[in-house]
Amino acid sequence: MSTQRTTREWQQADSAHFLHPFTDHAPLAAKGARIIERADNIYIWDSEGHKILDAMSGLWCVNVGYGQTALVEAAAAQMKQLPFYNAFFQTATPPAIELAERLAQVTPPQFQHVFFTCSGSEGNDTVVRMVRHYWASLGQPERQVIIGRNNGYHGSTMAGASLGGMSAMHAQGGLPIPGITHIEQPYWWAHGRPKGLSKDEFGLVAAGWLEAKILEVGPDKVAAFIGEPVQGAGGVIVPPKTYWPEIQRICDKYGILLVSDEVICGFGRTGQWFGCETMGSRPDLMTFAKGVTSGYVPLGGVMVSDKVAKVLIEQGGEFEHGFTYSGHPVAAAVALANIGLIQEQGLVERVREDVGPYLAEQFESLRDHPLIGDVDTCGLMGAMLLVKDKTTGEAFPSELSVGMVCRGHCFGNGLIMRAVGDRMIIAPPLVMTRAQVDELMALIRRCLDLTLVDVANRGWL
Ligand SMILES: *Cc1c(COP(=O)(O)O)cnc(C)c1O
């Protein structure tokens, strides 16, 4: 980048040429994009010089925080040594091999093999083809159906968006693709609380929806179930602790493959290396991306358990699938440096034993705020629900977009907190200190107070 421009100039060039992901461009052009120029630790700076606490880790990915020179140096050294070579022609590069080996060490013991992709979406596309190929190799080609969940997020490619359960995404482009169906999400506030169920009772009921769907489709037609241990983009929906063990029992009962989408929950986010370890499931496949490189360069993949790998290797023949950049040496070198840093700094243990419990305690204290109906945390991810009346649990009408009002106050006060409907969510970098949690909580309280005044002034209370 060679030029220095004013914010306005950047915004004009942006709206003239840059189509953004998940963006309505007419209002963006009227307002102008916020231009982010640099970052360090848990903070980013915009082109107007504002310092902003990034409580979303970029997009759920900068787990080790910004400005880690170990990752930068690993990339530079690998680019000088060998910037690219592929893994198609019975070839491999040392960083890709070493990363495969390292991933086998940090993932649960059933995983000894990995298939590399460039993103989480491509990882989930790979899952669709791999599970269908697995069953076909076992002589059960009629096992095609994959069950996902409403409001789940598994990426934005044709298969990723189909596995996900975002209705707005399905409404564009003819989705879902055939052979994918969905069950309701384990969201106690919406589905369990109105029926007077305890969280643990509701967890069993919600897992039971999987069994009902398997019976409806026909058990011999179901290939796999896919879910995020904690739903991220759906609003940080932390399932009751009874949920995943019961999902595991049901998958085992019908011999269905369990796929854990660890794109957000992997690499320490929940206080274990992977979310399935926190939630108590034993997946056959695991998708990862985001935190594997802390977002410094794109990388994703699928961990393949011994049970599946054995069939693919011994009976599958050639798997007609792969990407130019599968096992990209620069991405692999950065991932190795990133995993090294997570280990050296004990970040997973810090999330589990120190900063995670501290954040949970602080979030609990938000329950006294007049706008807060419920809070949830898991490791270093958290959500708070904005409600109109906390005694009855009455929601704001959705067309008011109260979450977006709150998000506006956050932006205006140096805090990135995301809104999913009326759930305000965070997933800060794992390097965050207790003092920074205090700073975050002060910002959150200020923004909630401003939202309360704003909402009252608009006559919405
Ligand atoms: C972000 C995300 C994806 C998609 O990853 P991309 O790298 O954006 O393709 C898939 N699954 C989950 C759970 C995610 O959060």
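Given the structure is predicted, the values throughout are model-derived calculations rather than measurements.

Undergrad: Help me understand the nonpolar core in this model?
TA: Buried together is how nonpolar side chains tend to be arranged in soluble globular proteins. The biggest cluster of nonpolar side chains holds 69 residues, and the ones touching the most others in it are Met 384, Leu 415 and Ile 444. In this structure, this core is formed jointly by two domains, domain 1 (34-64 + 346-457) and domain 2 (70-344), each of which donates at least three residues. Core analysis: the second largest hydrophobic core is formed by 44 residues, Ile 183, Phe 202, Leu 210 and Leu 258 among them.

Undergrad: I tried to follow the packing of aromatic side chains on my own but got confused; where do I start?
TA: We describe a pair of aromatic rings using the distance from one ring centre to the other and the angle between the two ring planes. Counted according to the given criterion, the structure contains 12 aromatic pairs. Residues Phe 88 and Phe 89 carry aromatic rings whose centres are separated by 6.3 Å and whose planes lie at 70° to one another, so their mutual orientation is edge-to-face. Among the residues examined, Phe 89 registers a relative accessible area of 60% and is labelled exposed. Taking the centre distance of 5.9 Å and the plane angle of 70° together, the rings of Phe 202 and Trp 209 count as edge-to-face. The buried category is assigned to Phe 202, whose relative accessible area is 0%. By relative accessible area, which is 25% here, Trp 209 ends up partly exposed.

Undergrad: Would you mind showing me how to read the domain arrangement of the protein here?
TA: A common way to state how big an interface is: give the accessible area lost once the parts meet. Domain assignment breaks the protein into domain 1 (34-64 + 346-457) and domain 2 (70-344). The centre of domain 1, based on its C-alpha atoms, is set 26 Å off from the matching centre of domain 2. Listed by partner, the interface residues are 33 residues for domain 1 and 36 residues for domain 2. Taken together, the two surfaces of domain 1 and domain 2 that pack against each other cover about 2600 Å², and 61% of this comes from carbon and sulfur. On the surface where domain 1 and domain 2 come into contact, there are 0 salt bridges. If you look at where domain 1 meets domain 2, you find 16 residue pairs in polar contact (both at pLDDT 80 or more).

Conventions we followed
- Residues numbered from 1 in each chain as written.
- Predicted model: local features only at pLDDT ≥ 70, side-chain atom pairs only at ≥ 80, totals over all residues.
- Heavy atoms only, no water.
- Core = buried A, V, L, I, M, F, W, Y, C linked by side-chain atoms within 4.5 Å.
- Buried < 20%, exposed > 50% of the residue type's maximum accessible area, 1.4 Å probe, protein only.
- Domains from an automatic or database assignment.
- Phe/Tyr/Trp six-rings, centres within 6.5 Å; stacked < 30°, edge-to-face > 60°.
- Contact = heavy atoms within 4.5 Å.
- Buried area = accessible area lost by both parts, 1.4 Å probe.
- Salt bridge = Lys/Arg side-chain N within 4 Å of Asp/Glu carboxyl O.
- Polar contact = N/O pair within 3.5 Å; in protein donor to acceptor, adjacent residues only side chain to side chain.

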